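What follows is each chain in one-letter form.
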Amino acid sequence: MQKKMGTKRDMRVYFDMDGTIAKWHDVPVEETRKPGYYADLEPEMELLDFMRDAIKRGENIYILSSYYADTRALLEKKKWLDKYLPEIDSAHCLFVPYGKTNKAEFIETMLHRRLSKADILIDDHTPNLQCWENAGGQGVKWLNQINGKNGCFEGARVGSAEELRAVLDGEAERKAVGF
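Residues numbered from 1 in each chain as written. Predicted model: local features only at pLDDT ≥ 70, side-chain atom pairs only at ≥ 80, totals over all residues. Heavy atoms only, no water.

Student: Would you mind going over the nonpolar core in detail, with residue names and values included?
Tutor: Among the nonpolar cores identified, the biggest contains 35 residues, and F15, I21, M51, I63, W80, L81 and L164 are the most heavily contacted of them. Put simply, the parts of the chain that give this core at least two residues each are β1 (12-15), α2 (45-56), β2 (60-67), α3 (73-84), β3 (93-97), β4 (119-123), β5 (138-142) and α6 (161-176). Not counting chain neighbours up to four residues away, the residues in contact with W80 comprise M17, I21, A22, Y38, A39, L41, E42, P43, L48 and L85. With 13 residues, the next largest nonpolar core counts L94, A104, L129 and F153 among its residues. (Core = buried A, V, L, I, M, F, W, Y, C linked by side-chain atoms within 4.5 Å. Buried < 20%, exposed > 50% of the residue type's maximum accessible area, 1.4 Å probe, protein only. Helix = DSSP H or I, 4+ residues; strand = E, 2+ residues; numbered from the N terminus. Contact = heavy atoms within 4.5 Å.)

So this is what it looks like as structure tokens:
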């Protein structure tokens, strides 16, 4: 008898904010450090709706976002989430001080274990995804209007909630049959 390895409920799906659930502006770094930058980012409604539905279904949905510790970015990101995604509780909102550690190391430290294929990061930034996959997790590149032109990330690449659902459903199905 084949042992079931898991379901969608066993997966933990981490969503980046900037350039993923919040539309990124291709501006110099100095602009991103100014007050109001993160508070004023336009939401990616398709992904927010996707996340709301997933939360209602009981899926493990998290925010995993980096912030500049010497700015108001963290406060602005929390307020942004309160405004656009109040359905997610604060325990599922994880923030990594930029430059201190990468997202994979942060989660491994928090969970006291290595990442697995059940740990899925949805992010627009290839270096984050590469670190995540090197640590044992699964990365999914969110294609926005700015990124994805060089084809550097070799894993799953999606540009719509429908494509993302297909990737996540396929991953849950592989886990359920033991692959």
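Resuming the write-up.
Student: Account for helix α5 (residues 126-134), with residues named and values stated.
Tutor: Every buried residue of α5 is accounted for by T126, L129 and W132. End-on view of α5: buried residues confined to an arc of 125 degrees, all on one side of the axis. Contact partners of the buried residues in α5: β1, β2, α4 (103-111), β4 and β5. Phi for G136, located one or two positions after α5, is positive at around 110 degrees. (Arc of directions from axis to C-beta.)

Student: Quick one: what's the story with the confidence of the model for the protein, residue by residue and with numbers?
Tutor: Averaged over all residues, the pLDDT of the protein equals 88, while 88% of them reach at least 70. α6 is the least confidently modelled element of the protein, averaging 79 in pLDDT, while β1 averages 98, the highest of any element. Overall, residues 1-6 carries pLDDT values under 50, and its contacts beyond four positions in sequence, including any with other chains, amount to eleven contacts. Of the regions scoring below 50 in pLDDT, residues 175-179 engages in 13 contacts with residues more than four places distant in sequence or in other chains. (pLDDT = per-residue confidence, 0-100.)

Student: A description of the side chain of K77 should follow, citing residues and the corresponding values.
Tutor: On the secondary structure map, K77 appears in helix α3. A distance of 2.4 Å separates the side chain of K77 from the backbone oxygen of S66, its partner in a polar contact. Residues contacting K77, with those up to four places away along its chain left out, are M17, D18, Y38, S65, S66, Y67 and F95. (Polar contact = N/O pair within 3.5 Å; in protein donor to acceptor, adjacent residues only side chain to side chain.)

Student: Would you mind going over α3 in detail, with residue names and values included?
Tutor: In this model α3 runs 16 Å from its N-terminal to its C-terminal C-alpha over twelve residues, within 8% of the 16 Å that 1.5 Å per residue would give. Every buried residue of α3 is accounted for by A73, E76, K77, W80, L81 and Y84. Projected down its long axis, α3 shows its buried positions confined to an angular sector of 135 degrees, all on one face. Opposite the buried face of α3, at more than 90 degrees from it, the exposed residues are K79 and D82. As for α3, its buried residues are in contact with α2, β2 and β3. (Expected span 1.5 Å × (residues − 1).)

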